[in-house]
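# Understanding the architecture of this molecule
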Amino acid sequence: MEKVIIIRYSEIYLKGKNRGFFERAFETNLRRAIKDYDLELVKQSGRYLVQKFADYEADEIMEKLKKVFGLHTLSLAYETDSDMDSIFEAAKLLCREEGTFKVESHRGDKKYPLTSVEISKKLGGMLLAYGKGKLSVDVHKPSFSIRVDIRENARALVFGEFIEGANGMPVGTAGKGLLLLSGGIDSPVAGYMMAKRGMKIDCLHFHSYPYTNMQAKEKVVDLAKILSEYTCGTHLYTVKVTHIQEEIHEKCKPELMITLLRRFMYRIAERHALHISAQCLITGESLGQVASQTIEGMTSSNSVVEKLPVLRPLVGFDKNEIIDKSVKMGAYETSILPFEDCCTVFLPDFPAIRPKLSEIEREESKLDIEGLIKEAFESIEKINL
């Protein structure tokens, strides 16, 4: 008898003839997540088993695996011979001293001499006798369950619960995107959601040093590290936009500061995305959340993007929904640390809510757009996470 971890994948089983491509990507990501542990990962029909790991590391390994997109459920199980006596010995290790229980059985090996119902009945009777009156069967609302999976290799998996995984699709199966990563709550969640659909994510952060301090930059690095646990690693690029903001502040209408800055960000982001072979831009914008995220503001930003789509996975979410997802992915406590990002520098008292494109373009004509973009590109730094 050996303790193992059962891994079941999510939507991959729907992929028909292409399933092998998704399975290979999923297995690669699994191995990357648990590469620091001495163990074995074995593929079985429609699932994987983690074997030969140190018992005291089981919880750590499962926490790592729960962050791999494409993983539907996990179970900590006992693998044993498929005869009923061996299954019973494993079941006793999962059985409580008293309470109600239910046995659920699955027979992958159709040549096994007992049907699924017969396995459940026989094991249930053995456990009742073992419980000496302190256990009873309740198939509707049991206090605990024992599950048996008879495999084709004359082995059985005995376990108690299904632990929810990250679901979604394996990262690396849906192209590559460049996430505009701020220091707030929204953008890490946007990256998380696109990674959940299988997209590889790199990050681009704009800063305004010395108006923003190094702690603000470190905060973004920490957010990118959290995100990288779900994206199988990431590259974080930082760009200094201080001079751009100073020029806008000096020469343009103050109420258009945010709108004009965001247009610069989108131009820089698209050019950098093309340089690193990313296929889209990703932002954490939610419609109507702040002044720059009105439909007019989004239209203004989009109008300078010439070749790539801009994906906004949070566009229809309210703030509480975004916060819930931030908490779930473990980014919320970092996101709310009180360090300012570049959008708070030279922040106008009354930013334009519905900017007109003709007015924006008139204000931009006062600026050396290409010169400022070139200067910003010279400040790019790359951090591997």
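Residue positions are given per chain, counting from 1 as you read along its sequence in written order. Reporting in this predicted model follows two pLDDT cut-offs: at least 70 for local features of residues, and 80 or more for side-chain atom pairs to be given and counted; totals over whole chains, interfaces and linings ignore these cut-offs and use all residues. Note: side-chain values were computed over all heavy atoms of the structure, leaving out hydrogens and water.

On to the overall build of the protein. Labels follow the DSSP assignment, with helices taken as runs of H or I lasting at least four residues and strands as runs of E lasting at least two, numbered in each case from the N terminus. When you go through the protein residue by residue, the secondary structure sums to 13 helices and 15 strands. In terms of C-alpha radius of gyration, the protein reaches 27 Å, well past the compact-globule figure of 21 Å for 385 residues. Seen through its principal axes, the protein has C-alpha atoms that stretch 85 × 40 × 35 Å. Here the term buried applies to any residue with accessible area under 20% of the maximum for its type, exposed to any over 50%, and partly exposed to those in between, with areas from a 1.4 Å probe on protein chains only. Across the 385 residues in the protein, those meeting the buried criterion constitute 51%. Note that the radius of gyration is over C-alpha atoms, with the globule rule given as 2.2 Å times the number of residues to the power 0.38.

A separate point is the pattern of salt bridges. What counts as a salt bridge is simple: a side-chain nitrogen of Lys or Arg found within 4 Å of a carboxyl oxygen of Asp or Glu. Tallying each qualifying case throughout the model produces 27 salt bridges. Residue Lys-251 is joined to Glu-247 by a salt bridge in which the shortest nitrogen-to-oxygen separation is 2.8 Å. One end of the pair, Lys-251, and the other, Glu-247, are both in helix α7 (residues 242-251), 4 residues apart, so they sit about a helical turn from each other. Overall, the relative accessible area of 15% leaves Glu-247 in the buried class. Put simply, Glu-363 and Lys-366 hold a salt bridge, and the shortest N to O gap is 3.1 Å. Looking at Glu-363, the relative accessible area reads 2%, which means it is buried. Through salt bridges with shared partners, a single network forms among Arg-47, Asp-149, Arg-151 and Glu-152.

Once that is clear, we can look at the pairing of strand β11 (residues 200-207). Burial analysis of β11 places 7 of its 8 residues in the buried class, which makes it a mostly covered element. Following DSSP output, two strands are said to pair if at least two bridges run between them. Here strand β10 (residues 176-180) pairs with β11 via 5 bridges, running parallel. Residue pairing in the sheet places Leu-179 in a bridge with Cys-203 of β11. Here the term right-handed applies to a crossover when the path leading from its first strand over the helix to its second strand runs clockwise, the strands being oriented away from the viewer. Handedness of the crossover joining β10 and β11 through helix α5 (residues 186-196) is recorded here as right-handed. Bridge count for β11 against strand β12 (residues 235-240) is 5 bridges, and the pairing is parallel.

A few words on the packing of helix α8 (residues 257-275) against helix α13 (residues 369-377). Inter-axis angles, ranging from 0 to 180 degrees, are taken between N-to-C directions of lines fitted to C-alpha atoms, where helices are fitted over the stretch in contact. Between α8 and α13, whose axes approach to 11 Å, the crossing angle comes to 60°. Between α8 and α13, the angle falls in the class oblique. α13 is crossed by α8, and the crossing has right-handed handedness. Between α8, through Phe-264, Arg-267, Ile-268, Arg-271 and His-272, and α13, the contact on the second element is made entirely by Ile-369, Glu-370, Leu-372, Ile-373, Ala-376 and Phe-377. When residue character is reported, Ala, Val, Leu, Ile, Met, Phe, Trp, Tyr, Cys and Pro are called nonpolar, Asp, Glu, Lys and Arg charged, and the others, Gly included, polar. Residue classes in the contact of α8 with α13 are distributed as 7 nonpolar, 1 polar and 3 charged. Here is the rule for angles: anything less than 35 degrees is roughly parallel, anything more than 145 is roughly antiparallel, 65 through 115 is roughly perpendicular, and the remaining ranges are oblique. Each crossing is labelled by how the near helix is turned from the far one, with a counterclockwise turn of less than a right angle marking it left-handed and a clockwise turn marking it right-handed. It only takes one pair of heavy atoms within 4.5 Å for two residues to be counted as in contact.

Patch members must show over 30% relative accessible area and no salt bridge, and they are joined within 9 Å when carrying like charges or within 5 Å when they are nonpolar side chains of Val, Leu, Ile, Met, Phe, Trp or Tyr. The Shrake-Rupley method, run with a 1.4 Å probe sphere, supplies the accessible areas, and residue values consider only the shown protein chains as cover. Among the surface-exposed residues, Leu-128, Val-137 and Val-139 lie close enough to one another that they form a single nonpolar patch of about 230 Å² accessible area. We classify Val-137 as partly exposed; its relative accessible area is 46%.

Let's shift gears to the sheet that holds β12. Strand order in the open sheet formed by 6 strands is β14-β13-β10-β11-β12-β15, with mixed pairing between adjacent strands. Unpaired on one side and paired on the other, β14 (310-311) and β15 (381-384) mark the two borders of the sheet. Where helix α6 (residues 214-231) meets the sheet, its contacts fall on β10, β11, β12 and β15, and the angle it forms with β11 comes to roughly 175°.

A few words on the pairing of β12. Handedness of the crossover joining β11 and β12 through α6 is recorded here as right-handed. For β12 and β15, the ladder comprises 4 bridges, and the chain directions are antiparallel. Paired with Tyr-237 across the bridge in β15 is Lys-382.

These results come straight from atomic positions and should not be treated as a statement about function.
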